[in-house]
Amino acid sequence: MATQVLGMWLRFRTLPGGTRLFSYAFTRRAPYFRSIRPRFVQISPNFASLQLPKRRAVQNHIGTVHAIAVCNGLEAAMGALAEATVPAGKRWLPKGMEVAYLAKSTSDLTCTAETDPADWTAGPDVPVRVRATRADGTVVVEGTINLWVTDKK
């Protein structure tokens, strides 16, 4: 699976409209992410980023991007990173998410996920650092999504 996602990203990103097509295909595989309409920007082992557009469907009552929509974007970035990074013969499952809300989400957001290569060999727990940043560079949400990585049966 890891090579499927990364291979598909590497093929699609070179095509006109390829990143949009990849993003659509990703949300077809994981339909819950469709609600935020992510647009992937980069996927590689140990790193993934996407754009989360600020639009009415993801806004809260004060007109900012809803906190759960932001977490959804962070989880989508983490999922792409995990698929592109998980060692052959292993599988991953999210164990939990810890985030801090640092500022209002008043614009489109860039959601990133990052790991260190050593994280994937240290044991079954893999911490994925996640961050959502406004267009002006302000970090609005920061945290960790913990993965449980085990052998495939």
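This text follows the structure it describes.
These numbers come from a predicted model, not from an experiment.

Quick look at the overall build of the chain now. Each helix and strand counted, the chain has 3 helices and 6 strands in total. Counting helices and strands in the order they occur from the N terminus, the chain gives α-α-β-β-α-β-β-β-β. In terms of C-alpha radius of gyration, the chain reaches 15 Å, essentially the compact-globule figure of 15 Å for 153 residues. In terms of overall dimensions, the chain has a C-alpha envelope of 45 × 35 × 25 Å along the principal axes. Across the chain, contacts joining residues at least 24 apart in sequence account for 60% of those joining residues at least 6 apart. When the accessible area of the chain is evaluated, it comes to approximately 8,200 Å², of which 54% is carbon and sulfur surface.

Given two aromatic rings, their pairing is described by the distance between the two centres and the angle made by the two planes. Within the structure shown, the criterion is met by 5 aromatic pairs. Taken together, a centroid distance of 6.1 Å and an interplanar angle of 35° make the contact between phenylalanine 22 and phenylalanine 26 tilted. Of this pair, phenylalanine 22 and phenylalanine 26 are both found in helix H2 (residues 18–29), 4 residues apart, which corresponds to roughly one turn of the helix. Among the aromatic residues, ring-to-ring pairing joins Trp9, Phe22, Phe26, Phe33 and Phe40 into one connected group.

Looking at where alanine 100 falls in the secondary structure, it is placed in strand E3 (residues 90–101). Each C-alpha atom, one on alanine 100 and one on threonine 112, is 15 Å from the other, the two residues being 12 residues apart in sequence. If near-sequence neighbours (up to four positions away) are discounted, alanine 100 is found in contact with Val140, Val141 and Glu142.

Before going further, it helps to spend a moment on a nonpolar patch on the surface. A contiguous nonpolar surface patch, about 360 Å² in accessible area, is contributed by Tyr32, Ile68 and Tyr101. You can see tyrosine 101 is positioned in strand E3. Judged by its relative accessible area of 48%, tyrosine 101 falls in the partly exposed class.

This part takes up the environment of serine 105. Considering the arrangement of structural elements, one finds serine 105 in the loop between E3 and strand E4 (109–114). In this structure the C-alpha to C-alpha distance between serine 105 and arginine 134, which are 29 residues apart in sequence, comes to 6.5 Å. Apart from residues no more than four positions distant in its own chain, serine 105 is found in contact with Lys54, Thr64, Val65, Val70, Arg134 and Val140.

For H2, spanning 12 residues, the distance from its first C-alpha to its last is 17 Å, which sits close to the expected 16 Å at 1.5 Å a residue. Along H2, the residues that are buried comprise Gly18, Phe22, Ser23, Phe26 and Thr27.

About the criteria used
- Residues numbered from 1 in each chain as written.
- Predicted model: local features only at pLDDT ≥ 70, side-chain atom pairs only at ≥ 80, totals over all residues.
- Heavy atoms only, no water.
- Helix = DSSP H or I, 4+ residues; strand = E, 2+ residues; numbered from the N terminus.
- Rg over C-alpha atoms; globule rule 2.2 N^0.38 Å.
- Contact = heavy atoms within 4.5 Å.
- Areas by Shrake-Rupley, 256 points an atom, 1.4 Å probe, with all protein chains shown as cover.
- Phe/Tyr/Trp six-rings, centres within 6.5 Å; stacked < 30°, edge-to-face > 60°.
- Patch = residues over 30% accessible without salt bridge, like charges linked within 9 Å, V, L, I, M, F, W, Y side chains within 5 Å.
- Salt bridge = Lys/Arg side-chain N within 4 Å of Asp/Glu carboxyl O.
- Buried < 20%, exposed > 50% of the residue type's maximum accessible area, 1.4 Å probe, protein only.
- Expected span 1.5 Å × (residues − 1).

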